[in-house]
Amino acid sequence: MTDTPTYHVLALSGGGYRGLYTATVLSELEAVLGRPIASHFDLICGTSAGGLLALGLAADIPAVELKALFEEKGSRIFGCRSILRRLFGFWLSAKHASSGLKEVLTERFQAMTVGDLKHRVLVPAVNYSTGRGQFFKTPHHPSFELDHRMKLVDVALATAAAPIYFPLSRNERGVFADGGLVGNAPGLFGLHEVRTFLAPNQSARVRVLAIGTMTIGATVRGGASLDRGFGKWRGGLFDLVISAQESSVDYMLRQSLGADYYQIDDKATPDQSRDVKALDRVSVGSTNTLKDRGAHAAQRALGDPLFKPFRAHQAGVATFFHGTNKNSTDSKEA
């Protein structure tokens, strides 16, 4: 009797600087597992800040270095605010320029392309030129013929172009907005990707490990005005979109996969929420909270019997049909 094929998906949520929480979890897990976290997963999905981490892991960058990228470069990423942006940010222009983020990404990824990656990835964004979601992928299916030419920097800028916080991102494929608008928690996309492209017409078992960013559920106070223009919504509108999506995806994956779905995330205490509520807040308080809670969350997961399958799984060598790491000439569907 043939064993049921098993695919493991790593899904990394978006959340701005709160991605430091995710990166801390990953670095702690990787330190204990003793090998790159990417080697445990057949597909890595990441949105916005999670997309940056997904690309980094797929490029075999140690998780501890990705953690340092947030901790040491966070003020450069979220600190590009001219006098005009300080005065009119949220109203006439994005709160932050994207130049700091682009510089940090270029220093780390340089000229690497999606085709240079050795692990499968899926990174959501919204193509504002077409009005549709767009999913940048490694060439792990014969029909994925274009994305492998994309620079990692351009993909990262596209998925992280959070409305109000950063300008839209333009590259040779169009104009893009943050992937959080279509799927801030990309686990459901990962499940679909496996069942549709990696293991079509198979009774494959899919496990999903989702790591969040301590996303604060966007709520309204009891006495707040219900008649809201942009001046009252501001960044809260995007926060509401991503928090509502996260909770919906979490519910659906629990219903669909049961014990084959495992989420690592935390709710901030009332005191800590002051530090991490804003996705662009870089401070001693936010940094300490995100690192402390991330380290504890990883420790908790490592001691959980339900996490054991993710420790034991070792992904096989990915098959790529195009690009630098092309290792198949098969034109048939995988």
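To be clear, the structure that these remarks concern was listed above.
Residues numbered from 1 in each chain as written. Predicted model: local features only at pLDDT ≥ 70, side-chain atom pairs only at ≥ 80, totals over all residues. Heavy atoms only, no water.

For the rest of this paragraph, the subject is the packing of helix α1 (residues 19-33) against helix α12 (residues 284-302). When two helices pack together, their arrangement is given by the angle between the helix axes and by the axis-to-axis distance. Contact geometry of α1 with α12 gives a least axis separation of 8 Å together with a crossing angle of 40 degrees. The angle between α1 and α12 falls in the class oblique. With respect to the hand of their crossing, α1 and α12 are arranged in right-handed fashion. Taken together, the residues of α12 that come into contact with α1 (itself represented by Leu 20, Tyr 21, Thr 24, Val 25, Glu 28, Leu 29 and Val 32) are Thr 287, Leu 290, Lys 291, Arg 293, Gly 294, Ala 295, Ala 297, Ala 298 and Leu 302. Taken together, the residues that form the contact of α1 with α12 break down as 10 nonpolar, 3 polar and 3 charged. (Axes fitted to C-alpha atoms, helices over the stretch in contact; angles between N-to-C directions. Helix = DSSP H or I, 4+ residues; strand = E, 2+ residues; numbered from the N terminus. Parallel < 35°, antiparallel > 145°, perpendicular 65-115°, else oblique. Left-handed = near helix turned anticlockwise from the far one by under 90°. Contact = heavy atoms within 4.5 Å. Nonpolar A, V, L, I, M, F, W, Y, C, P; charged D, E, K, R; others polar.)

A separate point is the side chain of Arg 120. Mapped onto the elements, Arg 120 comes out in the loop between α5 (99-109) and β3 (121-127). One buried charged side chain, Arg 120, makes no salt bridge at all; its nearest oppositely charged neighbour is Asp 42, positioned 4.5 Å away. Separated by 2.8 Å, the side chain of Arg 120 and the backbone oxygen of Asp 42 make a polar contact. Excluding its chain neighbours within four sequence positions, the residues that come into contact with Arg 120 are Asp 42, Leu 43, Ile 44, Thr 138, His 140, Leu 198, Ala 318, Thr 319 and Phe 320. (Buried < 20%, exposed > 50% of the residue type's maximum accessible area, 1.4 Å probe, protein only. Lys, Arg positive; Asp, Glu negative; His and termini not counted. Salt bridge = Lys/Arg side-chain N within 4 Å of Asp/Glu carboxyl O. Polar contact = N/O pair within 3.5 Å; in protein donor to acceptor, adjacent residues only side chain to side chain.)

Attention now goes to the packing of α1 against helix α3 (residues 63-77). Taken N-terminus to C-terminus, the directions of α1 and α3 make an angle of 155 degrees; their axes are 8 Å apart at the nearest point. Compared by their axis directions, α1 and α3 come out roughly antiparallel. The way α1 lies across α3 gives a crossing that is left-handed. The segment α1 lies against α3, with Gly 19, Leu 20, Ala 23, Thr 24, Leu 26, Ser 27 and Glu 30 engaging Ala 63, Val 64, Leu 66, Lys 67, Phe 70 and Glu 71. By residue class, the composition of the contact of α1 with α3 is 7 nonpolar, 3 polar and 3 charged.

Turning next to the layout of surface pockets. Any empty space left between the atoms is revealed when a probe the size of a water molecule rolls over them. Of the volumes computed, that of the second largest pocket is approximately 330 Å³. What lines the second largest pocket is a set of 14 residues, and nearest its centre among them are Thr 215, Glu 246, Asp 265, Asp 266 and Lys 267. If one sorts the elements of the lining of the second largest pocket by residue count, helix α10 (residues 235-257) sits on top with 5 residues. Residues that form the lining of the second largest pocket fall into these classes: 3 nonpolar, 5 polar and 6 charged. (1 Å grid on protein atoms, 1.4 Å probe; cavity = no way out; pocket = protein on both sides within 12 Å on 5 of 7 lines; lining within 4 Å. Points joined across faces, edges and corners; volume = space filled by probe spheres on them.)

Inspection of the entire model under this criterion finds 8 aromatic pairs. Taken together, a centroid distance of 4.9 Å and an interplanar angle of 70 degrees make the contact between Phe 135 and Phe 189 edge-to-face. On the criterion of sequence distance, the pair formed by Phe 135 in strand β4 (residues 132-137) and Phe 189 in helix α8 (residues 187-198) is long-range, its members being 54 residues apart. A residue is classified by how much of its surface remains accessible, and Phe 135, at 27% relative accessible area, is partly exposed. On the numbers, 5.0 Å between centres and 65 degrees between planes, the contact of Phe 144 with Phe 197 is edge-to-face. Of this pair, Phe 144 sits in the loop between β4 and α6 (152-159) while Phe 197 sits in helix α8, and the two are 53 residues apart along the sequence. Just as Phe 144 is buried, Phe 197 falls in that class too. Every member of this aromatic cluster is reached through a ring pair, and the members are Phe 41, Tyr 262, Phe 307 and Phe 310. (Phe/Tyr/Trp six-rings, centres within 6.5 Å; stacked < 30°, edge-to-face > 60°.)

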